Amino acid sequence: MAPTTATLLALPPQRAHVIRAEDFGATGLEAVESLGPFADVQACGPLLTIHDSTFEPRSGIGHHPHQRMERLFYILEGAVEHDDVLNGITGHMGLGDLGILTEGRRGMVHSERNDTDGRARCWILVYPNEPLEAAASFDVVRDAEAARTREAPGVEAKEVIARGSERLGGDVRAFTDLALEDGAGTTVDLHGEEGAALFVVDGTVEVEVDAERAGGGPRHTFLVPPAPQRRRLTVTATSGARVLRAIVGPGFGLRLAS
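Reading the values: the criteria
Residues numbered from 1 in each chain as written. Predicted model: local features only at pLDDT ≥ 70, side-chain atom pairs only at ≥ 80, totals over all residues. Heavy atoms only, no water. Pairing = 2+ DSSP bridges. Helix = DSSP H or I, 4+ residues; strand = E, 2+ residues; numbered from the N terminus. Axes fitted to C-alpha atoms, helices over the stretch in contact; angles between N-to-C directions. Buried < 20%, exposed > 50% of the residue type's maximum accessible area, 1.4 Å probe, protein only. Lys, Arg positive; Asp, Glu negative; His and termini not counted. Salt bridge = Lys/Arg side-chain N within 4 Å of Asp/Glu carboxyl O. Polar contact = N/O pair within 3.5 Å; in protein donor to acceptor, adjacent residues only side chain to side chain. Contact = heavy atoms within 4.5 Å.

## Observations concerning the sheet that holds strand S12 (residues 108-114)
- Taken in spatial order, the four strands of this open sheet run S7-S12-S9-S10, and their pairing is antiparallel. Two strands lie at the open edges of the sheet, namely strand S7 (59-66) and strand S10 (89-93), each paired on one side alone. Strand-to-strand twist in this sheet, taken as the mean axis angle between neighbours without regard to direction, amounts to 15 degrees.
- Two elements, strand S9 (residues 80-84) and S10, share five bridges in a ladder whose sense is antiparallel. The residue bridging Asp-84 from the neighbouring strand is Ile-89, located in S10.

## Section: the side chain of Glu-70
- Tracing the chain through its elements places Glu-70 in strand S8 (residues 69-77).
- No salt bridge is formed by the buried Glu-70; its nearest oppositely charged neighbour, Arg-167, is found at 9.7 Å.
- A polar side-chain atom of Glu-70 sits 2.5 Å from a polar atom in the side chain of Thr-102.
- At 2.8 Å, the side chain of Glu-70 and the backbone nitrogen of Gly-169 are in polar contact.
- Excluding residues within four positions of it along the chain, Glu-70 makes contact with Ile-100, Leu-101, Thr-102, Leu-125, Val-126, Tyr-127, Pro-128, Asn-129, Leu-168, Gly-169 and Gly-170.

## Observations concerning unusual backbone geometry
- With an omega dihedral of -5 degrees, the bond running from Glu-130 to Pro-131 counts as a cis peptide bond.
- Phi at Arg-58 takes a positive value of approximately 60 degrees, unusual for a residue other than glycine.
- Of the residues examined, Arg-58 reaches a relative accessible area of 44% and is grouped as partly exposed.
- The backbone of Ala-211 shows a phi angle near 70 degrees, a positive value even though the residue is not glycine.
- Overall, Ala-211 belongs to the exposed group, its relative accessible area being 58%.

## Observations concerning the pattern of salt bridges
- Per the counting criterion, the structure on display carries 23 salt bridges.
- The partner of Asp-143 in a salt bridge is Arg-148, and the shortest N-O contact between them spans 2.9 Å.
- On the basis of relative accessible area, Arg-148 is assigned to the partly exposed category, the value being 48%.
- Where Glu-156 meets Arg-150, a salt bridge forms, and the shortest distance between an N and an O atom there is 2.5 Å.
- Ionic contacts of the salt-bridge type, sharing partners, join the residues Arg-163, Asp-171, Arg-173 and Glu-194 into one network.

Right, here's the structure in full:
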């Protein structure tokens, strides 16, 4: 992998690697990987994987091991059931919930399954569990727990993870679900060494960082690699939009596939 520098990367869904059911060895699954081992971009800050994943009704991925990472499952549709047989941990992630799967040093052997009659969809982030926990754990930020604020005129923000929260075991510093009216915009300051990842669920947007602009629609991923200086990140809806925004620490910087 080759390190590089960039201010803003716009990744359309056509550029992503699609992991299909046959790759998982299970029916009814698909993951659109915009960042990860099979994608053009392999790290941005601490983030090592970004998936837009779908589970067809009554489908899931069987038990398999992971270790030393933390995984966020943000449920965009339906519900997902968690089962970690190594640690005897089960849990439910419903619509609007953020599941926090911390693998720790011990690791987990887990399955994730949609047991409903409708489709499930989740946005998944993977990054190192640092500082490394000894044991695995499972936590959920319920949809009703997250504070709702008016971040800017025409912009409603669901603060799933606010700055300063201690819920996460890695360097994701904030996680926000934004609803923007047509023409509305919002700006957030990135501190020194911070980066960001944004994902367009619906609508179309323009993203701007340091006067560099890029636009896109549903399933576009925008990456702002960490940089030493403080910067302003602006998102403007060119049509009414829903955008997920994660602010992250320096991690691995930006790494592209060689």
